[in-house]
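Results of the structural survey
Okay, here's what each chain looks like letter by letter:
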Amino acid sequence: MIKEIEEKREVTIVFAGDSGDGIQLTGTQFTNTNALFGNDIATFPNFPAEIRAPQGTVAGVSGFQLKFGSVEVATPGDVCDVLVAMNAAAFKVNLPRLKKNGTVIVNIDGFNARNLKLAGYEVSPLEDSTLADYRSIQIDITKMTRAALEDSGMGKKEIDRSRNMFVLGFLYYMYNRNLKGTEEFIKQKFAGKDDLIDANIKVLHAGYNYADTSEIFTSRYNVKAAQLDKGEYRNIMGNQATAMGLIAAAQKSGLDLFYGTYPITPASDILHELAKHKNFGVRTFQAEDEIAAIASVIGASFGGKLGVTASSGPGIALKGEAMGLGVMLELPMLIINVQRGGPSTGLPTKTEQADLLQAIYGRNGEAPMPVIAAASPSDCFSMVYEACRISIEHMTPVMFLTDGYIANGSEPWKFPNSNDLLEIKPKFAVENNQNYLPYKRDEMLVREWAIPGMAGKEHRIGGLEKEIDTGNVSYDPENHEKMVKIRQAKVDKIAEDIPLQNINNGDKEGEVLVLSWGSTYGVIKNAVKECKEEGLSVGHVHLRYINPLPKNLGELIKGFKKVIVPEMNNGQLVKIIRDKFLVDAKAINKIKGIPFSTAEIVSAIKGEEELV
Amino acid sequence: MSEVQDVEKVKLSPKDFATDQDVRWCPGCGDYSILKQVQSIMPDLGKDKEDIVFISGIGCSSRFPYYMNTYGMHSIHGRATAIASGLKISRPELSVWVITGDGDSLSIGGNHLIHLLRRNFDLNVLLFNNEIYGLTKGQYSPTSPEGKVTKSTPIGSIDHPFNPLKLCLGADATFIARTMDRDPKHQREILLRGNQHVGTSMIEIYQNCNVFNDGAFEVFTDKGTKAEETLYLEHGKPLIFGANRDKGIKLDGFTPVIVSLEEVSEDDLWVHDETDRTKAQLLTNFFDNPSLEGHLPRPFGVFYVEDRYRYEEALEAQVEYAIEKSGKGDLDALLRGKNVWKVD
Ligand code: SF4
């Protein structure tokens, strides 16, 4: 039977199951297939903190949310159109996010008595009125998969592992997508294991064919390719983009990249990515702890390399003293904080923006450091590159902020050509200058970088206060005050070397200015668009350079009657804005480990949200 | 390059390694002697000044780099070892010297020290052990003996002290040695040996803090007791000590015993073998309180030497391997990735 094709502008799907169900892989495959097809796309993986949380429990649910569309997609979506639940717990956790009349696809086998009990259901939600408002598709995926592989000679456990391919095949049929990309992926993943390749492809087709022949659908759906800017695209995750930005900055500056770090969620993927690229001259060093990680970076920077370390909040706290040393030494080095829920160990796998004040102020003494933040997964590339440029050209440690949401999220990226990237020029000491003074500065207050091996420029630096120009130890009170001011002025001057702030979305002046930073960009953009469509007067400024702030920010703020600052914290940027500009900026806060929804921002713009 | 460089390089003298900064240790501090010996061996390293780096942490001894006319960094407490690790990975060709004390490397920096040793970077660690916190004016340190009365332990320390070289051997150090401030000749010898060793050279130097812990090592340095209390190790030579060189160490199974050479022949003594790890372990146990009856003498010299791969070399090899295998990194290919689509 030939089915009709129904066009959709955008669709949000949540895949959910046990962490052992291959949910992340299913989500990534579905993402890649749609990205290659040409949809705009945004993803948000959501996994449990425990690596092997007890099977079937609510704590062990792993989720992957993606939104794909023929129109611009700025966030992975507030609510979903389709929920795929592999068991009762996954169903329970995610059902609240399913739209009324949305579609839920459940694996019946995951709703047996044991599953129901673990999820805390007394009566199966498949049998009471829970599903009344939804369209439910109930399939015994386990049984189907086993049937497909009946003759494979594989054990039950092994067979069950390919259940996710059934789901994938089913959705590919539903959304009229080609199986080729995933087939290629399977062949690569299981290279050399022909039986596994055959089995997975077979199950993928079984899911596809089942959707076709079962007459579950009277029509299929199609989401046309998006009208993105002309050019070549690839899909990219935030941490991956950060790693690539570092490699690019190293190449363009002619410095080798040294990456010293200690494993921590959600920053470790940067290490994993960089460790793969030693052929770019990248040296990765997994240090014994967070302090050693940044200390090794200081050693590498002293030796003339691009030293970079990354961590998340708790690790950044440990690095505080060494960052202060970096400020005193005035050497280029980058500290990356992939933020997560805090304080202390907090919510390791959840997202938050609560380390902004730590980034700007969190060191002993007056220790100013530039702070730069990425707005989206692909923006991690551009902004970490900028962070490196500023660090190298201004001889200063720089803090680069992302968070779990954009670090693990993905989106299409119109990748640049390496020729189009800004040049980065290290300030090495001039060779024939025989009177090298380590703390002599140029007009931007930047000192020259003499590294071991440069004859005649031997010098000693350290954490004790330095005498102006010579860098010798000095306890002179006048000198100390001057040096404190110089270090501050040096960071402030970076404002002359960054772009002016533009209004990112909406009106250039008017009633409400939404002022934001970090990973909230996409959702605020959506919300502002919605409000504009309703005729409200609203503009959006999104900061990527937070210290120093763009020179014209004060002017932009003056163009609006009211300023609101939505943040996934208890109000941090808002403090800085109030401090710098003496405006009555209002904080809009969400501190739940999950991003804002468009609706929440819209109601904040309309003044409906309770203001702090 | 200036033309002057064509002229053959004149051999530098120890003075060339002194800076114009006033040396600020207390008069009589053991650090002076160590500074002098270190400066004296510098011309013999076979390295240009600009290729030598001194890195220190925090403490009295950590002022050291300011007095060396080489590249140097006076860093933060306990982290010199970790900073040196990053430097050595980045610049394997440099001669790197870590200057640290018992508080710096065994207390706040203990973790980095053991990891440095297991990784075996080719650098030298000079641990100035004065068994006290000098810079903070006299609290007990992790090497202070039990019962030590200090400002922070008015009734005596109840901390059991570290045996530093035993700890280092336990962390798989590939070179461990002990020397002291009051024996410049021996110090010089050991510093040169340490420099020669390819791998991490761990040198403990007994250093007298004449202000807060005067005489901590007196029994090993005082003319009257030195010969009885110290045992100078020499590779291939039997363990003999005593004012009249009339005592030796013999192994009874795994137990070292002091014997009189009047009763036991030299041929039956324990012969020092720097490459013998088991015996090195026994030697690090020669750590008795000198006031105890029947205690063993304290060894000085090179305890142990092992040739093991260096972290930085292995990492360089991996970089080369990666280039050989995948070709030199192509930035544009990396940015493109494998799955590209075009929008026209
Ligand atoms: S306090 Fe002790 S160790 Fe420190 S400089 Fe004075 S004598 Fe030397």
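That block above? That's the structure.
Residues numbered from 1 in each chain as written. Chains lettered and ligands numbered in written order. Predicted model: local features only at pLDDT ≥ 70, side-chain atom pairs only at ≥ 80, totals over all residues. Heavy atoms only, no water.

Brief notes about the overall build of chain B
The cut-off we apply is this: Runs of E in the DSSP output that reach at least two residues are strands. Runs of H or I that reach at least four are helices, and both are numbered from the N terminus. For the exposure calls, accessible area comes from a 1.4 Å probe over protein chains only, and a residue counts as buried if that area is under 20% of its type's maximum, exposed if over 50%, partly exposed in between. Between two residues, a contact is recorded if the distance between any of their heavy atoms is within 4.5 Å. Areas reported here follow the Shrake-Rupley algorithm with a probe of radius 1.4 Å; residue values treat only the protein chains shown as occluding. Just so you know, the count uses Lys and Arg for positive and Asp and Glu for negative, and it drops His and the chain ends. Each charge is placed at NZ for Lys, CZ for Arg, CG for Asp and CD for Glu.
Secondary structure summary: chain B contains eleven helices and twelve strands in total. Viewed in the frame of its principal axes, chain B has a C-alpha envelope of about 95 × 50 × 50 Å. For chain B, with 344 residues in total, the buried portion stands at 53%. Across chain B, contacts joining residues at least 24 apart in sequence account for 66% of those joining residues at least 6 apart. A total of about 15600 Å² of accessible surface is found on chain B, and carbon and sulfur atoms cover 51% of it. Here chain B carries 38 positive and 51 negative side-chain charges, and the mean point of each set is 5 Å from the other.

Thoughts on the packing of aromatic side chains
Threshold: A pair of aromatic rings is counted whenever rings of Phe, Tyr or Trp (Trp by its six-membered ring) have centres within 6.5 Å, and the orientation is called stacked for planes under 30 degrees apart, edge-to-face for over 60 and tilted otherwise.
Taken as a whole, this structure holds 36 aromatic pairs over all chains when the rule is applied. Consider the rings of A:Phe285 and B:Phe121, whose centres lie 6.5 Å apart with planes at 65°: the pair is edge-to-face. Here A:Phe285, found in strand β11 (residues 283–286), pairs with B:Phe121, found in the loop between α4 (110–119) and β4 (124–129), and the two come from separate chains. Considered together, A:Phe285 and B:Phe121 belong to a single accessibility category, that of buried residues. Between the aromatic rings of B:Tyr206 and B:Phe217, the centroid separation amounts to 4.2 Å while the plane-to-plane angle is 10°, which identifies the pairing as stacked. Taken together, the residues span a long stretch of sequence, with B:Tyr206 in strand β6 (residues 201–206) and B:Phe217 in the loop between β6 and α7 (218–221) at a distance of eleven residues. Grouping residues by exposure puts B:Tyr206 and B:Phe217 together as buried. Counting every residue linked through ring pairs, the aromatic cluster contains B:Trp25, B:Tyr32, B:Phe54, B:Phe64, B:Tyr67, B:Trp97 and B:Phe128.

A closer look at the interface of chain A and chain B
Put simply, the test is: Each of two parts loses accessible area, computed with a 1.4 Å probe, when they are put together; buried area is these two losses added. Salt bridge, as used here, is a side-chain nitrogen of Lys or Arg placed within 4 Å of a carboxyl oxygen of Asp or Glu. Contacts described as polar in this section are N or O atom pairs within 3.5 Å, which, within protein, must combine one atom able to donate a hydrogen with one able to accept it, while residues neighboring in sequence count only if both atoms come from side chains.
Facing 69 residues of chain A, the contacting portion of chain B comprises 60 residues. Together, the buried faces of chain A and chain B total about 5400 Å²; carbon and sulfur atoms form 62% of this surface. Contact with chain B buries surface across chain A, with A:Asn279, A:Glu288 and A:Arg460 losing the most and accounting together for 13% of the total. For the pair chain A and chain B, the interface holds three salt bridges. Between B:Arg336 and A:Glu232 there is a salt bridge, and its shortest N-O distance comes to 2.8 Å. Between chain A and chain B we count 30 residue pairs in polar contact (both at pLDDT 80 or more) in total. Looking at the side of chain A that touches chain B, the elements with two or more residues in it are α1 (23–37), β9 (231–237), α9 (238–253), β11, α11 (290–302), α13 (320–329), β16 (410–413) and β17 (460–462) of chain A. Here the element with the most residues in the side of chain A that touches chain B is α11(A); it accounts for eight residues.

Some remarks on the pattern of salt bridges
Across all of its chains, the model carries 43 salt bridges over all chains by this definition. Residue B:Lys226 is joined to B:Asp183 by a salt bridge in which the shortest nitrogen-to-oxygen separation is 3.4 Å. You can see B:Lys226 sitting in helix α8 (residues 223–229) and its partner B:Asp183 sitting in the loop between β5 (175–180) and α6 (184–196), a full 43 residues away along the chain. In this structure B:Lys226 comes out as partly exposed when scored by relative accessible area, which is 23%. Through salt bridges with shared partners, a single ionic network connects A:Asp256, A:Arg283, A:Lys305 and B:Glu316.

A closer look at the site of the ligand
For clarity, the threshold we go by: Any residue with a heavy atom positioned within 4 Å of a molecule or strand is treated as near that molecule or strand. Under the scheme applied, nonpolar residues are Ala, Val, Leu, Ile, Met, Phe, Trp, Tyr, Cys and Pro; charged residues are Asp, Glu, Lys and Arg; polar residues are all the others, including Gly.
Every residue close to the ligand is listed here: B:Trp25, B:Cys26, B:Cys29, B:Cys60, B:Asn130, B:Gly134, B:Gln207, B:Cys209, B:Asn210, B:Val211 and B:Phe212. When its residues are assigned to classes, the shell around the ligand shows seven nonpolar, four polar and no charged.

Thoughts on the nonpolar core
Residue and element names in this part refer to chain A. Here is the rule: Definition used in this section: a nonpolar core is a set of buried Ala, Val, Leu, Ile, Met, Phe, Trp, Tyr and Cys residues joined via side-chain atoms within 4.5 Å. The split of the chain into domains comes from an automatic or database domain assignment.
Core analysis: the biggest nonpolar cluster contains 157 residues, and Leu 246, Leu 334, Ile 336 and Leu 515 have the highest contact counts within it. At nine residues, helix α15 (residues 379–393) tops the list of elements feeding residues into this core. Split by domain, this core shows at least three residues from each of two domains, domain 2 (234–420) and domain 3 (505–605). Beyond its immediate stretch of four places on either side in the chain, Leu 246 contacts Leu 257, Tyr 259, Ile 270, Leu 274, Leu 306, Val 308, Leu 334, Ile 336, Val 384 and Cys 388.

Structural notes on the environment of A:Arg544
All names here are of chain A. Note on placement: Arg 544 falls in the loop between β20 (538–543) and β21 (545–547). Given a relative accessible area of 28%, Arg 544 falls into the partly exposed group. Spatially, the C-alpha atoms of Arg 544 and Ile 372 are 5.6 Å apart, while their sequence positions differ by 172 residues. Non-local contacts of Arg 544, meaning those with residues more than four positions away in its chain, are made with Val 371, Ile 372, Ala 373, Asp 379, Ser 382 and Met 383. At a separation of 2.3 Å, a polar atom in the side chain of Arg 544 contacts the side chain of Asp 379.

Points about the sheet that holds strand β10 (residues 257–261) of chain A
All names here are of chain A. Definition in use: Paired strands, as defined in this entry, are two strands with at least two bridges between them according to DSSP. Lines fitted to C-alpha atoms define the axes, with helix axes restricted to the stretch in contact, and inter-axis angles between N-to-C directions lie between 0 and 180 degrees.
Taken in spatial order, the seven strands line up as β11-β10-β12-β13-β15-β14-β21 in an open sheet, and their pairing is mixed. Only two strands of the sheet have a single neighbouring strand rather than two, namely β11 and β21. Here the strands of the sheet are splayed against their neighbours by 20° on average, with no regard to which way each runs. In the sheet, strand β13 (residues 333–339) pairs with strand β15 (residues 397–403) via seven bridges, with the strands oriented parallel.

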